Each structure stands twice: as structure tokens, then as C-alpha cells.
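Working through the structure, step by step
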Amino acid sequence: FVCPAAFPPQEHNIETPHGVLHVTLHGTRTTRRPAILTFHDVGLDNKSCFSPLFKFEEMQEIVKNFTLIHVDAPGQEEGAAPYPASYQYPSMDAIAEMIPSVLQFFNFRTVIGVGVGVGAYVLSKFAMANPDSVEGLVLVNIDPDARGWIDWAAQKLSSVTSSLTEQIMSHLFSQEELSSNSDLVQSHRERISKASNLVNIELLWKTYNSRRDLNIDRSSSFKCPVMLVVGDQAPYEEAAVECNSKMDPTTTSFLKMADAGGLPQLTQPAKLTEAFKYFIQGMGYMASSCMTRLSRSRTTSLSSSYSMEGSRSRSRTLSQGSQGGQMPPSPSQTMEVSC
């Protein structure tokens, strides 16, 4: 991570009602505005999940204005000691109940949550239970549904025929990415298979696969703006599309990213950074005058058009240039951006 010398990253082990969480803080710890709190996916930790995004040059404009709080799920941080065989790993609900202790520890009243996969589910649970603590949510690869019987049976079969590493790789990456076996895929496969805490990773994987349905309801589930993000052809593309259909269209934006694969924050950090900037700007935290080179240059990734698709398939296109670089909410339609 790029950090000012005056504010080196601080690592903390925070006691919660359900065990200890490893948390890394970057920035000034100013509580005048919300912290950006991240939560990673299974098979990853905060560094392997978020470093490329938050190290990205254009992201520094955001990083310098906010405190970053990176939460590692129990036992998932790099070098974590393996849990003993008798250890009872916390449920998804319990992990979500650990996050208020993190806010209290750093004396933050509110956060903007950024979660991927498992992390998106955990932060959704946290936001539903603590609506006054969350000012915005960015949910990458969200799957709001519990495993059905068919999914459960497929998972059981997979656990017999595939190694744990390959199961998790199929969760993280698209089939196309796995087939092409890129450097990114190879590096993550090697990292997971050789992880000293692989037993802990398996515990989180099993817990996630026994998750309960989020029961998203557009009228009451989230009290804050939400940006859903998924890669085209990603493993959870259908789940994210279904989740979007259940959300309040006046407060939800949906970003489906082409050529992004399963982990858009790793493969397309430029596009995701720009979308995140507009999201934060829409919350009133970054005036357009603060937007630097990325937005001024009107990169082709997002600037060609914004396709607004409502639940009744009505659509209209807004030119970004005419809107001053902002993504205006539509009173009756979910903002859907394809890039």
C-alpha cells in the first residue's frame, strides 16, 4: 500500500464477542468522515484481495482523504496459525457481529464498506443489522442466497472430486480464466495450495457455503447507497444480477465490467477506481473540483455512455460529458453501467 511516511500501516488484533480479528489501518484516523472498511473473499486476505486496487495511482486521491480499515476474517491473515481440530469457526452471522467491535476500537461512528464475495455477504449482514453505521456499500460478487439443495449436492460432489484449492479457484475465477491459466491464476493457485493456514481457509469456505439467505427486500434491507460490481462471465454474475433485481432502484448502481473476470478489483483497478470515485462523490465526500486527471481525461472505459436499465426494460442513455462527470440517480430506475 502507498502510505504517507507519517502514517505507516498499523496492525491490530481486536477482541470481539466471537473471537479475535486481525485488522490493518492506513491513514490519519480522522473520524470527521467515515472510514473505508474492506472485507476480503475466501482464499484471499486483505493484501491479496485489495492491494492492487488501493495501490492504484488514481486511487491515492481517495486514500489520502479517508482512513482505510482492512479486516481479515478470523484466521485468514497471512501467516495466521492454523486452528486446532476442535476449533468451532464462527458463522457468517457471527463474523458480521464482530465488525462493530472494530468501529468501537478505532472510534469510528460510520464506514463505507467495500466487500468481495464472502466479504460482500458479511458487510451486507453488518449493514442490515447496523444501518446507522454504514453510509455506503460497494459489493463485488455478491451472492445473497443460501445454497439450495442442488448447489449443496454439487458442492458435496465437488469436495470429493476436486481439491480445496481448486474449489476456491472456481469460486474466485471464471472458467475462461482458469482455462487460460494466466499468471494471476497461477500465482493465486500456488499461494492458496501452499498456505500455512489452509485449514483455516477451509473452515471459512465451509462456513460460507452454509450461509443463510440475506432475504433482501428493496423497501427495507439497505438504508444507504449501494454499488453492485461483477465481472462479465464471472462465477457470480447471475447471482449479482438477481441481487440487483431485488434492490431499491433509487439507491442502487450496478456495474457489470467486461474483460474483468472473477476479481475485477485485481484485473480492472482503473475502471473500478473511477466508479468508486463517482460513488463517493455522489455521497457528497469528494467535490468534482477534487477529481483529478482520471475524470478530466474522460477515459473511454466509462465515459462513452451510461446505460440506464429499469426493471421494465426501459432504457435511456446519458452522456457522461453532459452530466459533469456524475452518475445521477434515477428516481425509478436502477443505474446499470456496462463498461
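Here the structure is a predicted model, which means the values were calculated and not measured.

To continue, consider the overall build of the protein chain. From N to C terminus, the protein chain includes 15 helices and eleven strands. Long-range contacts, defined as pairs at least 24 residues apart, comprise 74% of the intrachain contacts of the protein chain with a sequence gap of at least 6. About 14700 Å² of surface is accessible on the protein chain, with carbon and sulfur atoms providing 50% of the total.

Here we take up the side chain of Lys277. Residue position: Lys277 is located in helix 13 (residues 269-282). Separated by 3.1 Å, the side chain of Lys277 and the backbone oxygen of Glu58 make a polar contact.

Per-residue pLDDT for the protein chain has a mean of 83; in total, 78% of the residues score no lower than 70. Across the protein chain, the element-wise mean pLDDT spans from 27 in strand 10 (residues 315-318) up to 98 in strand 5 (residues 111-116). For the stretch residues 1-6, pLDDT sits under 50, and the model shows 13 contacts to residues farther than four places along the chain or on other chains. Note that residues 291-334 has pLDDT below 50 and, in this model, 92 contacts with residues that lie over four places away or in other chains.

A separate point is the packing of aromatic side chains. All told, the structure shown has seven aromatic pairs when counted by the stated rule. Taking 6.0 Å as the distance between ring centres and 75 degrees as the angle between the ring planes, the aromatic pair formed by Phe66 and Tyr285 counts as edge-to-face. In this pair, Phe66 sits in the loop between helix 2 (60-63) and strand 4 (68-72) while Tyr285 sits in the loop between helix 13 and helix 14 (293-296), placing the two residues 219 residues apart along the sequence. Residue class for Phe66 comes out buried when judged on its relative accessible area of 2%. Looking at Tyr285, the relative accessible area reads 22%, which means it is partly exposed.

With five of five residues buried, strand 4 is to be regarded as a mostly interior element. The alternating pattern of strand 4 places Leu68, His70 and Asp72 on one face and Ile69 and Val71 on the opposite face, and all of these are buried. As paired strands, strand 2 (residues 19-26) and strand 4 are joined by five bridges and run antiparallel to one another. Bridged to His22 within strand 4 is Asp72. By the bridge criterion, four bridges tie strand 3 (residues 35-39) to strand 4 in an arrangement that is parallel. Each residue of the ladder has a partner; that of Ile36, found in strand 4, is Leu68.

Turning our eyes to something else, we now look at the environment of Asp45. In this fold, Asp45 is placed in the loop between strand 3 and helix 1 (46-55). Each residue touching Asp45, except ones within four places of it in the same chain, is listed here: His40, Asp72, Gln76, Glu77 and Glu78. Within the structure, Asp45 has its side chain in polar contact with the backbone nitrogen of Glu78 (distance 3.4 Å).

Here we come to unusual backbone geometry. Working note: non-glycine residues mostly have negative phi, and peptide bonds are mostly trans. Not every positive phi belongs to a glycine, and Asn107 is a case in point at roughly 65 degrees. Take Asn107: it is sitting in the loop between helix 4 (99-106) and strand 5. Residues other than glycine seldom take positive phi values, yet Asn215 does so here, at roughly 55 degrees. You can see Asn215 is positioned in the loop between helix 10 (198-209) and strand 7 (226-231).

This paragraph deals with the environment of Lys223. Its location among the elements puts Lys223 in the loop between helix 10 and strand 7. Take Lys223: its relative accessible area is 60%, and that puts it in the exposed class. Residues Lys223 and Ala127, 96 residues apart in the sequence, show an inter-C-alpha distance of 8.2 Å.

The biggest cluster of nonpolar side chains holds 91 residues, and the ones touching the most others in it are Ile36, Leu37, Ile69, Val102, Leu137 and Phe276. At seven residues, helix 5 (residues 118-129) tops the list of elements feeding residues into this core. When sequence neighbours within four positions are dropped, the list of residues in contact with Leu137 reads Gly113, Leu123, Ser124, Ala127, Phe222, Cys224, Pro225, Val226, Met227 and Phe279.

In total, this model carries eleven salt bridges according to the counting rule given. Here Glu166 ties to Arg189 by a salt bridge, and the two come within 2.8 Å at their closest N and O atoms. With a gap of 23 residues between them, Glu166 in helix 7 (residues 164-172) and Arg189 in helix 9 (residues 183-193) connect regions that are remote in the sequence. Residue Glu166 is classed as partly exposed on the basis of its relative accessible area, which comes to 29%. In this structure, Lys246 and Glu242 form a salt bridge, with 3.3 Å as the shortest nitrogen-oxygen distance.

Right, let's talk about the pairing of strand 2 for a bit. Each regular strand shows side chains that alternate between the opposite faces of the sheet. Counted residue by residue, strand 2 has six buried out of eight residues, so it is predominantly covered. The antiparallel hairpin formed by strand 1 (residues 10-16) and strand 2 contains two residues in its connecting segment.

Here helix 9 has its buried residues at Val185, His188 and Ile192. The arc that holds every buried residue of helix 9, seen down its axis, measures 70 degrees, which confines them to one face. On its buried face, helix 9 sits against helix 1, helix 7, helix 8 (175-180), helix 10 and helix 12 (264-267).

What counts as what
Residues numbered from 1 in each chain as written. Predicted model: local features only at pLDDT ≥ 70, side-chain atom pairs only at ≥ 80, totals over all residues. Heavy atoms only, no water. Helix = DSSP H or I, 4+ residues; strand = E, 2+ residues; numbered from the N terminus. Contact = heavy atoms within 4.5 Å. Areas by Shrake-Rupley, 256 points an atom, 1.4 Å probe, with all protein chains shown as cover. Polar contact = N/O pair within 3.5 Å; in protein donor to acceptor, adjacent residues only side chain to side chain. pLDDT = per-residue confidence, 0-100. Phe/Tyr/Trp six-rings, centres within 6.5 Å; stacked < 30°, edge-to-face > 60°. Buried < 20%, exposed > 50% of the residue type's maximum accessible area, 1.4 Å probe, protein only. Pairing = 2+ DSSP bridges. Core = buried A, V, L, I, M, F, W, Y, C linked by side-chain atoms within 4.5 Å. Salt bridge = Lys/Arg side-chain N within 4 Å of Asp/Glu carboxyl O. Arc of directions from axis to C-beta.

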